[in-house]
Amino acid sequence: MASFLQSFLNPKKNWFAAQHMKSLSTRLRKYGLRYDDLYDPYYDLDVKEALNRLPKEVVDARHARLKRAIDLSMKHEYLPDDLQAMQTPFRGYLQDMLALVKRERAEREALGGLPLYQRSIP
């Protein structure tokens, strides 16, 4: 069942997945974003921890892309076409660190340890 699902979601094997990836790429290029920029650190504490572990330059570049996208959205504009062509929306920078953080959290829970971070609602 898992292999069927993997092949169904693989853009190289499924035409619909490829079309979805193409339209998502187009929308991200319009604002100069990367797919990993869409992860919200306030929603998932693992993302917040992964962002804290990344180098400062990578996090600063993420913040600059998000600010630029918000500015373009508020002005109802898109990036110029020459800059859109330079964008790499599926070049990941967060996935490896996020996978490491999730593995560490799962290992900590399996061993019965306390989590390093907890959500607190003010």
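The rules behind the values
Residues numbered from 1 in each chain as written. Predicted model: local features only at pLDDT ≥ 70, side-chain atom pairs only at ≥ 80, totals over all residues. Heavy atoms only, no water. UniProt positions renumbered as here; feature names shortened; annotations may be inferred. Helix = DSSP H or I, 4+ residues; strand = E, 2+ residues; numbered from the N terminus. Buried < 20%, exposed > 50% of the residue type's maximum accessible area, 1.4 Å probe, protein only. Contact = heavy atoms within 4.5 Å. Areas by Shrake-Rupley, 256 points an atom, 1.4 Å probe, with all protein chains shown as cover. Salt bridge = Lys/Arg side-chain N within 4 Å of Asp/Glu carboxyl O.

If you check an unreviewed UniProt entry, the protein appears there as Cytochrome b-c1 complex subunit 7 from Sphenostylis stenocarpa. According to UniProt, the comment filed for the protein under the heading Sequence similarities (unreviewed entry) is "Belongs to the UQCRB/QCR7 family." In its Function (unreviewed entry) section, the UniProt record describing the protein reads: "Component of the ubiquinol-cytochrome c oxidoreductase, a multisubunit transmembrane complex that is part of the mitochondrial electron transport chain which drives oxidative phosphorylation."

S.K.: Whenever I open this one, the overall build of the protein confuses me. Can you help?
M.R.: Summing up its helical and strand segments, the protein has 6 helices and 0 strands in all. Evaluated residue by residue, the protein yields a buried proportion of 25% over its 122 residues. A sequence separation of at least 24 residues applies to 71% of the contacts in the protein between residues at least 6 apart. Counting only carbon and sulfur atoms, one obtains 59% of the accessible surface of the protein, whose full area is about 9400 Å².

S.K.: Got a minute to help me understand the pattern of salt bridges in this structure?
M.R.: Once the charged atoms of two side chains with opposite charge are near each other, the side chains can pair. Applying the stated criterion across every chain, the model contains 9 salt bridges. For the salt bridge of D37 with R65, the shortest nitrogen-to-oxygen distance reads 2.7 Å. Taken together, the positions of D37 in the loop between α2 (15–31) and α3 (45–53) and R65 in helix α4 (residues 56–74) put the pair 28 residues apart, joining distant regions of the chain. Judged by its relative accessible area of 4%, D37 is buried. In this structure, the salt-bridge partner of K102 is D44, at a minimum N-O distance of 3.6 Å. Here the residue K102 occupies a position in helix α6 (residues 95–110), and D44 occupies one in the loop between α2 and α3, the gap between them amounting to 58 residues. For D44, a relative accessible area of 23% translates into the label partly exposed. Within this structure, D44, D46, K102, R105 and E109 form a network of salt bridges that share partners.

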